[in-house]
Amino acid sequence: MEAEYNPHVIEKKWQAKWLAEKTFATGRGGEKYYLLEMFPYPSGKIHMGHVRNYSIGDVVARYQRMLGRDVLHPMGWDAFGMPAENAAIAHDVHPAIWTRKNINEMRTQLQSMGFSYDWDRELATCDPEYYRWEQLFFTEMLKKGLVYKKEAKVNWCEECQTVLANEQVENGCCWRCGQETRDKDLNQWFFKITAYAEELLAGCKELEGGWPERVITMQKNWIGKSVGANIDFQVDALDGVKISVFTTRQDTLFGATFMSLAPDHPLAAQLAAGTGQEEKVAAFVDKMRRQEISDRDVVQLEKEGVFTGRYAVNPVTGRKMPIYLANFVLSGYGTGAVMAVPAHDQRDFEFARMYDLPIIVVIQPDGEKLDPETMDEAYTGVGRLVNSSEFDGLENINALESIAAHLSVNKIGDKAITYRLRDWGVSRQRYWGAPIPIIYCDKCGIVPVPEKDLPVRLPEDIELGKAGGSPLAQHASFVNTTCPICSASARRETDTMDTFVESSWYYMRYACADFTDGPLDKNIVDRWLPVDHYVGGIEHAILHLLYSRFFTRVLRDLGYINFSEPFTRLLTQGMVIKDGAKMSKSKGNVVDPNALIKRYGADTARIFSLFASPPELDLEWNDQGVEGGYRFLNRLWRYVYALLPALNEVAAFAGAAADVPPKHAALRRKTHQTITRVRADVEDRMHFNTAISAVMELVNELKKYDLETARNDKLLASLLREAVEVVVLLLAPIVPHIAEEIWFELGYEGGVSYVPVPCVDPAALVEDTTLVVVQINGKVRERLQVARDMADDEVKKLALASAKVQKYIGDKPLRKVIVIPNKLVNIVV
């Protein structure tokens, strides 16, 4: 063992050994445990977020191996998508070359961190042998009615020249480039995720206890189940034209006094035709189209609208209700039409006041009488129905069911359930993605590519234009093909699939990465899936995690798997913060992990990222914290080096607690207290920071003992060896390189990766002394450390002799002294 800690030599040695010996391959027996971190986009460099994320996952994987489990811990690359294509255009290089180069660089970086991946399972989603199966899923979903094509209003990013799913628009902007999106009408392919809306919502119950409550709530809200009624409103003077409305407040139907439609409602122009309002309506529609209002804007938005010139008939009152186009109604939710009840909806109230529309109260709260003339806001609470015909007097909550039944009986509406969730648009007008396996034939129509002809390979002999968009439509040898049904000339689909399709099932493919007879080897997948522990950022709470839950159910129904939820337990780690903001190139506050590793070594980078904060909280970057981690590893190394001659002369203590003399009992007690704390922190709470702190305390305790003392007392040396081995084993998942090297220097062969986690000797935890509290007239005045099971009279003497106790007793006579053994002395004066 060298006197100085040299992390670079040690880390390269053990990384090479692990790789050559395939140390982290599965198949060692034991209960399965599948640990997975969300795979990265190959940008070319890992960042501190990667270091933290993968260090957290690696601790769990290594620890589970030491618990005797057969651990699957793979790594791969989310390699398709707009970022690679945009970067390739910016650097004037082909996306395939850019991506594969980055994969090679990032693989080297990840290996330099000592992460315990089974690299034989590595996959990249841009590999045709991966996306061929994705294309097969597409064709099978098409046959099952879970894929369809339609012209739809989509979210369009001009900068990226492609469509975005609803989930990929954040505050009206593209989730990738940050540019504002706009609506555009395009023919698109959709996955029918809404067919699973109820099951996805019900499945959230199964996730409780394993997923963060915040993520479950976000998914529930995105699915957005609403229970209410569909109601048909006949348009006056337009025979046969009805406007359908979905509402959760059918109890307020008698108070509906006007109707609000989304500006892009399909009936907008027809309603205005012949009314003299055509120009005003057209101008308003055009204005709203340019504003691109999102659902996040409508609450704060100043209400604005235009009268269409038409009226709808309230089906229960017969009242003619003016129909407006309004800027706070969105076509993407419900039917794009709202029955406006200004007395009991704040947005309707503001609009009614602005356009001088009637307000009718239909719910009166108990003990109060609402007057429409004096109301300054809508009343949205509970109460009893008024002005509601035969329903007057009913509590409005009960009236929901009664009025829904009335609508159904009179064939003017019915009970209904709707969801906020919309089908997943998967068409992308970009090059770097998996081709959609569809052929268009003038005779046969839309034809899926047969399985025998898969994969439809993405051609690499292309040139990307600076303006973005896909060059596939101009690639004649790709576009021109023959119909697999009639052999006539045909054309291929030139859109590619959303990259989130690839990430919706990759975790299954890891289990059988070398399987060639199909997408999944069912027997192997059944052994490993679902993932036991998934680690990734909160930003994926809706996009990736919801899509993965949907895709798992689809593959279950297609017969590939036998489970419904992909991830049993989910950890969403916090961000890495520096100078008060998330690390990013644009803010100039990025710390390069390569520079960190080069200066301090991977173990220091790992211990800092794990010690500075619990995993679920943000980590504040601190240069002193990094230095502190490095100093601790140096102290540990120097201490073991100094004591090694004595340690290698003895075996670790394995006797009974009774065999340890009182003078050494504290050392062994501290050793086993540390085991207790670390196991609780890692196994129960995943608080690696407090686990590391506990080990540091034990190392500080060991520094009281030197080589000469250990050599002169063999029992002490064996207790010190036990403590050092405990330190090494508890730190092994956190700082594996230094742990491996010290373990080797202690004379062990075979490495530390599969050595069991140390077990606690309960007898060693029993303390020879105990804390006794001294109360005077019920108030705590002293705390005494006394020998355990000391005689009551002796405890009483110690308590009364205490200077603090004497101060409070003074010259007051003692009435009573009660001693509760090992706990309390109660003095009454």
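Quick caveat: nothing in here was measured; it's all calculated off a predicted structure. (Residues numbered from 1 in each chain as written. Predicted model: local features only at pLDDT ≥ 70, side-chain atom pairs only at ≥ 80, totals over all residues. Heavy atoms only, no water.)

**Q** For the nonpolar core, give the residues involved together with the corresponding values.
**A** Counting 116 residues, the largest nonpolar core has Phe-191, Trp-424, Leu-529, Phe-550 and Phe-551 as the members making the most contacts within it. Tyr-33, Phe-632, Val-682 and Val-728 belong to the second largest nonpolar core, which has 70 residues in total. (Core = buried A, V, L, I, M, F, W, Y, C linked by side-chain atoms within 4.5 Å. Buried < 20%, exposed > 50% of the residue type's maximum accessible area, 1.4 Å probe, protein only.)

**Q** How would you summarise the environment of Phe-328 if you had to cite specific residues and measurements?
**A** Mapping Phe-328 onto the fold places it in the loop between strand S12 (320-326) and strand S13 (337-340). Through-space distance from the C-alpha of Phe-328 to that of Asp-348 is 9.5 Å; in sequence the pair is 20 residues apart. (Helix = DSSP H or I, 4+ residues; strand = E, 2+ residues; numbered from the N terminus.)

**Q** Residue-level account of empty space enclosed by the protein, with values.
**A** For the structure shown, the criterion picks out three cavities of 30 Å³ or more. Around the largest cavity, the lining comprises 16 residues; the ones closest to its centre are Gly-81, Met-82, Arg-428, Asp-498 and Thr-499. At the level of secondary structure, the elements contributing two or more residues to the lining of the largest cavity comprise helix H3 (82-91) and strand S23 (496-497). (1 Å grid on protein atoms, 1.4 Å probe; cavity = no way out; pocket = protein on both sides within 12 Å on 5 of 7 lines; lining within 4 Å. Points joined across faces, edges and corners; volume = space filled by probe spheres on them.)

**Q** For the packing of aromatic side chains, give the residues involved together with the corresponding values.
**A** Overall, the coordinates contain 41 aromatic pairs when judged by the stated rule. Relative to Trp-637, the ring of Tyr-5 lies with its centre 5.8 Å away and its plane at 40 degrees, an arrangement referred to as tilted. One end of the pair, Tyr-5, is in the segment before helix H1 (7-21); the other, Trp-637, is in helix H19 (residues 623-647), and 632 residues separate them in sequence. For Tyr-5, a relative accessible area of 7% translates into the label buried. Judged by relative accessible area, Trp-637 falls into the buried class, the value being 2%. Of note, Lys-13 hangs over the ring of Phe-744, and the distance from its end group to the ring centre comes to 4.6 Å. One Lys or Arg, Arg-527, reaches over the ring of Trp-528 and ends 4.5 Å from the middle of that ring. (Phe/Tyr/Trp six-rings, centres within 6.5 Å; stacked < 30°, edge-to-face > 60°. Lys NZ or Arg CZ within 6 Å of the ring centre and 35° of its normal.)

**Q** Tell me about the sheet that holds strand S7 (residues 181-191), and please be specific about residues and values.
**A** Pairing is antiparallel in the open sheet, where four strands are placed in the order S4-S3-S7-S17. In the strand order of this sheet, the two ends are held by strand S4 (162-164) and strand S17 (424-425), each with one partner. With respect to the sheet, helix H5 (residues 128-143) is in contact with strand S3 (147-157) and S7, its orientation differing from that of S7 by roughly 80 degrees. (Pairing = 2+ DSSP bridges. Contact = heavy atoms within 4.5 Å. Axes fitted to C-alpha atoms, helices over the stretch in contact; angles between N-to-C directions.)

**Q** Please set out the pattern of salt bridges residue by residue, giving values where relevant.
**A** For the coordinates displayed, the defined rule picks out 48 salt bridges. Among the ionic pairs, Arg-69 bridges to Glu-31, the shortest N-O distance being 3.3 Å. Of the two residues, Arg-69 is situated in the loop between helix H2 (48-66) and strand S2 (70-72) and Glu-31 in the loop between H1 and strand S1 (32-37); the sequence distance between them amounts to 38 residues. Exposure remark for Arg-69: the relative accessible area of 26% places this residue in the partly exposed category. For Glu-31, a relative accessible area of 53% puts it in the exposed group. The shortest N-O distance in the salt bridge between Glu-350 and Lys-303 comes to 3.2 Å. One end of the pair, Glu-350, is in helix H10 (residues 346-355); the other, Lys-303, is in the loop between helix H9 (278-291) and strand S11 (305-313), and 47 residues separate them in sequence. (Salt bridge = Lys/Arg side-chain N within 4 Å of Asp/Glu carboxyl O.)

Read these as geometric descriptors, not functional statements.
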